[in-house]
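Chain by chain, the residues run as shown.
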Amino acid sequence: MEKYIYFGLMFLLTFGIKAQEEQKEVKQDSLIVPEELVEIILIGKNSNKHHYENKSLATIETYLEEANSVDFIKRGAYAWEPMIQGMASERSVVTIDGMRIYGACTDKMDPITSYVEISNLSKAEIKKGQAGAENGATIGGAIDLERQKSEYENSGWSGNAQSSIESINEQKILGAALQYTSNKVFADVDLMYRDAENYSAAGNEEILYSQFTKYNFSVVTGYQIEQNKSIEASFIFDEANDVGYPALPMDVSLARAYIGSLEYISNPEGEFYKEWKTKIYYNDVTHIMDDSQRPDVPIRMDMPGWSKTAGMYSKLKGNFENHSWDLSVNGHFNNSLAEMTMFPEDPNENDMFMLTWPDVNTIYTGLFAKDQYLINEDFSAEISLGMGVHNNNIQDEFGLESLRIFYPEMEGSKTRFLLNTGAQISYSTHPWTLGLGLGYGERAPSVSEAYGFYLFNSFDAFDYIGNPNMVNEKSLEMNVSTRYEHKSFSFSVNSAFYHISDYIIGKPDPDLSPMNIGINGVKVYEQLPYAQLWSNDLSINYTFLKDFTAKAKAVYRIGRDNENSNLPLIQPLTFEAGLRYRKNAFYAEAILESATKQFDYSPEFGENQTPGYSVFNLALSQIFYINAQKMILKVGGENLFDEYYSTYSDWNNIPRPGRNLYANVIYNF
């Protein structure tokens, strides 16, 4: 493996990370476009995108991992939890078309990213730190998943059919999309089905309980009321069944989401604003965990959860002289309820029941404003301000009384005021762009952190209890960036430092007894005086001989608490190097992914040292024209040398898949 790491480092120093392609390719490729504190993953139109992607029908997580600021906690083969700038989901905001959605799983096995398929995704906008505060209070940043929708143009009907097979888990993927566009109406309909058995790690080691089945249906429709005014309606139905989680003691029998919205859009001419969007939305998420498929457990249990959210936003954008401004108001109501029932083997014993989320209502109302000012042709500045009111209210008296065992004086309702602000200055003189930014942000504790009741964490084998008395977590951040782009060569370097006060984390309480059998004890959420995170990434891209592109990237993060101890789940030095060849209807790409040994890990939170690894991937694609229609055939291999490895973020060191061969066929009509 050392030779692969050496090769990757030399490749990195020579060429560097995946970044922006030449301008003429921007609408055709899946790529990262760095823009100060923003990374955008463009997928493009359905008719163009499949040929230029390394793995056309991969999951959405694979595409989001192209962003240097995004990584994932992996508990199995399905529904990974996103992290932004090395921070888990409590410190970030993930939206679909601007809509807030709350997961219904206390173990975070239903992240918001799992409800969108790559076939109906147009782009993912990743904003780091306080640049991501538009849709809600955040510390780490935000991801907004924007779905594919057509324009008002008289093009009639079009569509595609997709299929794929994979060797590692016998996964079968079937999909279809249909679009209709006219000068007054458009409609985009997308269907996707995935079915996978247990995957195998290197050496053909079967990873039990890693199977899943998933269905996704998405529709977006629009009607142009008059010139520059339209309404749009959208709906998502997503359901997963028989989802195994090999890193956890329980599986998921059902994960289902209904997500709907109605939006009014105005793009006037000659007004003080150029765009006005107002949306109302509703979503309903059900998540049912159980251990019925596990052969040997201390006690049988079911853990269902439900989350319902209704919300709205209204956003204005405009230009005035050298100013480009945004103003938005948003609000949402969420209800989160989760319970656990234990079934003793002795039929004479009563079942044990508890509320793990005690029927918590969350109401949030926020105001956000941003102004970008062009000082002169070289300098620009940006300032943003977000303010929010956040209220939690426990609806279930039994759940409230359960928490009062630990907090006798606690109230059933708590209101918080949240502030998020940021400033950025940029200097651009060809071929250099330099940026410097500062930010301050606050967030409220999550439902689990404030009101969770004996939530088992299999990573460190502790039960967790929430703490409703915690204050807002606060973050001071500073970021610097530099980018060089000239002709066929570009590179960028980004660094961000976060000083987080009142840092929320679970700590052992030896006076409490665990609820689950045979575990290490109980942790209660509390707040450290501070913790610090430092996130760094490097990107380089070089196009040569017209048809070749060499690319590489490197990411390294450090996380420490106030006693200089390591924070959990902090990414070690990770890098990627690749070579792409593109000529007319043929495309090929080879990629080496590597990481060094994990030196900064936290035994207190169940981590151990993960070794370094290197995996090699190869993808080939060819377009065939059948009359006036197009068919794309793509074949490839992942982890071709069958490396046995797990990453720092693989829950309980569950090994990653071994050698995987796949084939995709996409037919456009």
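Details of the structure are given in the entry above.
Reference entry: report on the structure contained in this document. Everything numeric here is computed off the predicted structure, so don't read it as measured data.

1. Quick look at the overall build of the protein
Counting its regular elements, the protein contains 5 helices and 34 strands. Its C-alpha atoms give the protein a radius of gyration of 25 Å, within 12% of the compact-globule value 26 Å for 669 residues. Counting only C-alpha atoms and orienting by the principal axes, one finds that the protein spans roughly 70 × 60 × 50 Å. Considering the protein as a whole, with its 669 residues, one finds that 59% of them fall into the buried category. For the protein, the exposed area adds up to about 27200 Å²; of that, 57% sits on carbon and sulfur atoms. Counting 54 positive and 90 negative side-chain charges, the protein places the averaged centre of each group 7 Å from the other.

2. Observations regarding the side chain of S481
With respect to the element layout, S481 can be found in strand β26 (residues 473–486). S481 sits in the buried class, given a relative accessible area of 17%. Every residue in contact with S481, bar those within four places of it in the chain, is listed here: T433, L434, G435, V493 and N494.

3. Describing the environment of G175
Among the secondary structure elements, G175 is positioned in strand β10 (residues 172–181). Accessibility expressed as a relative area gives 10% for G175, which makes it buried. Dropping the residues within four chain positions of it, G175 is found in contact with N160, A161, Q162, L191 and M192.

4. What about the environment of K184?
For K184, the position within the fold is in the loop between β10 and β11 (185–196). Distance from K184 to N154, taken between C-alpha atoms, is 8.5 Å for residues 30 residues apart in sequence. The residues touching K184, leaving out its near neighbours within four places in the chain, are Y152, G222, Y223, Q224, I225 and E226. Here Q224 takes part through its backbone oxygen, which lies 2.7 Å from a polar atom of the side chain of K184. A distance of 3.4 Å separates the side chain of K184 from the backbone oxygen of I225, its partner in a polar contact.

5. Side note on the pattern of salt bridges
In a structure, side chains of opposite charge can pair up when their charged atoms sit close to one another. Within the structure shown, the criterion is met by 31 salt bridges. Its salt-bridge partner being K127, residue E134 comes within 3.8 Å of it at the nearest N-O pair. One salt bridge in this structure joins R443 and E473, with 2.8 Å as the shortest N-O distance. With a gap of 30 residues between them, R443 in strand β23 (residues 432–443) and E473 in strand β26 connect regions that are remote in the sequence. Sharing partners across several salt bridges, the network here consists of R75, E81, E90 and K108.

6. Some details on the pairing of strand β19 (residues 323–343)
As paired strands, strand β18 (residues 300–320) and β19 are joined by 19 bridges and run antiparallel to one another. Considered in β19, the bridge of W306 is made with L337. Counted between consecutive antiparallel strands, the loop separating β18 from β19 contains 2 residues, among which E321 sits at a positive phi close to 50°. Bridge count between β19 and strand β20 (residues 352–374): 19 bridges; the pairing is antiparallel. For M342, the partnering residue across the bridge sits in β20 and is M352.

7. Observations regarding the pairing of strand β8 (residues 141–147)
The buried fraction of β8 amounts to 6 of the 7 residues, a majority that puts the element mostly inside the structure. Pairing analysis gives 7 bridges linking strand β7 (residues 121–128) to β8, with the strands arranged antiparallel. Among the inter-strand pairings, E125 is bridged to a residue of β8, identified as D144.

8. Details of a nonpolar patch on the surface
A contiguous nonpolar patch, built from L262, I280, M312, L327, V329, L367, L385, M387 and L419 and spanning about 700 Å² of accessible area, is present on the exposed surface. Secondary structure elements with two or more residues in the nonpolar patch: β19 and β21 (379–394). Examined against the element boundaries, I280 turns out to sit in strand β17 (residues 275–290).

9. With respect to unusual backbone geometry
In the segment running from H430 into P431, the intervening peptide bond is cis, with an omega of 10°. Topologically, P431 is positioned in the loop between β22 (413–429) and β23. The phi angle at A79 is positive, at roughly 55°, despite the residue not being glycine. Position of A79 relative to the elements: it lies in the loop between β3 (70–73) and β4 (81–84).

10. Points about the environment of V329
With respect to the element layout, V329 can be found in strand β19. Apart from the residues lying within four places of it in its own chain, the contact partners of V329 are M312, Y313, S314, G366 and L367.

11. Observations concerning the packing of aromatic side chains
Under the definition given, this model contains 30 aromatic pairs. Centre to centre, the rings of Y193 and Y215 are 5.3 Å apart; their planes meet at 40°, and the pair counts as tilted. Of the two residues, Y193 is situated in strand β11 and Y215 in strand β14 (residues 212–226); the sequence distance between them amounts to 22 residues. Note on Y215: relative accessible area 37%, which makes it partly exposed. Here F406 and Y454 contribute two aromatic rings whose centre-to-centre distance is 6.2 Å and whose plane-to-plane angle is 55°, an arrangement assigned as tilted. Here Y454 lies in the loop between α5 (447–451) and β24 (455–457) and F406 lies in the loop between α4 (397–403) and β22, a separation of 48 residues in the sequence. Look at Y454 and you get buried, because its relative accessible area is 7%. Through successive ring pairs, a cluster of aromatic residues spans W432, Y484, F489, F491, Y542, F544, F548, Y581 and F586. Across the ring face of W651, the terminal group of R75 is positioned such that the distance to the ring centre comes to 4.4 Å. Across from the ring centre of Y209, 4.1 Å away, lies the NZ or CZ of R294, which sits over that ring.

About the criteria used
What you see as residue numbers is a count from 1 along each chain, following the sequence as written. Residues qualify for local features only when their pLDDT is at least 70, as the model is predicted, and side-chain atom pairs are given and counted only at 80 or more; totals for whole chains, interfaces and linings, by contrast, use all residues. Processing note: side-chain calculations cover all non-hydrogen atoms of the structure and skip hydrogens and water entirely. Runs of E in the DSSP output that reach at least two residues are strands. Runs of H or I that reach at least four are helices, and both are numbered from the N terminus. Radius of gyration here uses only the C-alpha atoms, and the compact-globule reference equals 2.2 Å multiplied by the residue count raised to the power 0.38. Three labels apply to residues, based on accessible area from a 1.4 Å probe with only protein chains included: buried if under 20% of the type maximum, exposed if over 50%, partly exposed otherwise in between. Using the Shrake-Rupley algorithm and a 1.4 Å probe, accessible areas are obtained, with residue cover drawn only from the displayed protein chains. Under this rule, positive means Lys or Arg and negative means Asp or Glu; His and the chain ends count for nothing. Just so you know, the charge point we use is NZ for Lys, CZ for Arg, CG for Asp and CD for Glu. It only takes one pair of heavy atoms within 4.5 Å for two residues to be counted as in contact. Any pair of nitrogen or oxygen atoms within 3.5 Å is treated as a polar contact; in protein, a donor-acceptor pairing is required on top of that, and neighbouring residues in sequence qualify only through side-chain atoms on both sides. By salt bridge we mean one thing: a side-chain nitrogen of Lys or Arg within 4 Å of a carboxyl oxygen of Asp or Glu. The pairing criterion for strands is at least two bridges between them, as found by DSSP. Patch membership is restricted to residues that have no salt bridge and whose relative accessible area is over 30%. Joining uses 9 Å for like charges and 5 Å for the nonpolar side chains Val, Leu, Ile, Met, Phe, Trp and Tyr. Centres within 6.5 Å are what make two rings of Phe, Tyr or Trp a pair, Trp counting through its six-membered ring; a difference in plane orientation under 30 degrees is then read as stacked, over 60 as edge-to-face, and the rest as tilted. For a ring to carry a charge above it, either NZ of a lysine or CZ of an arginine must fall within 6 Å of the ring centroid while also lying within 35 degrees of the normal to the ring plane.

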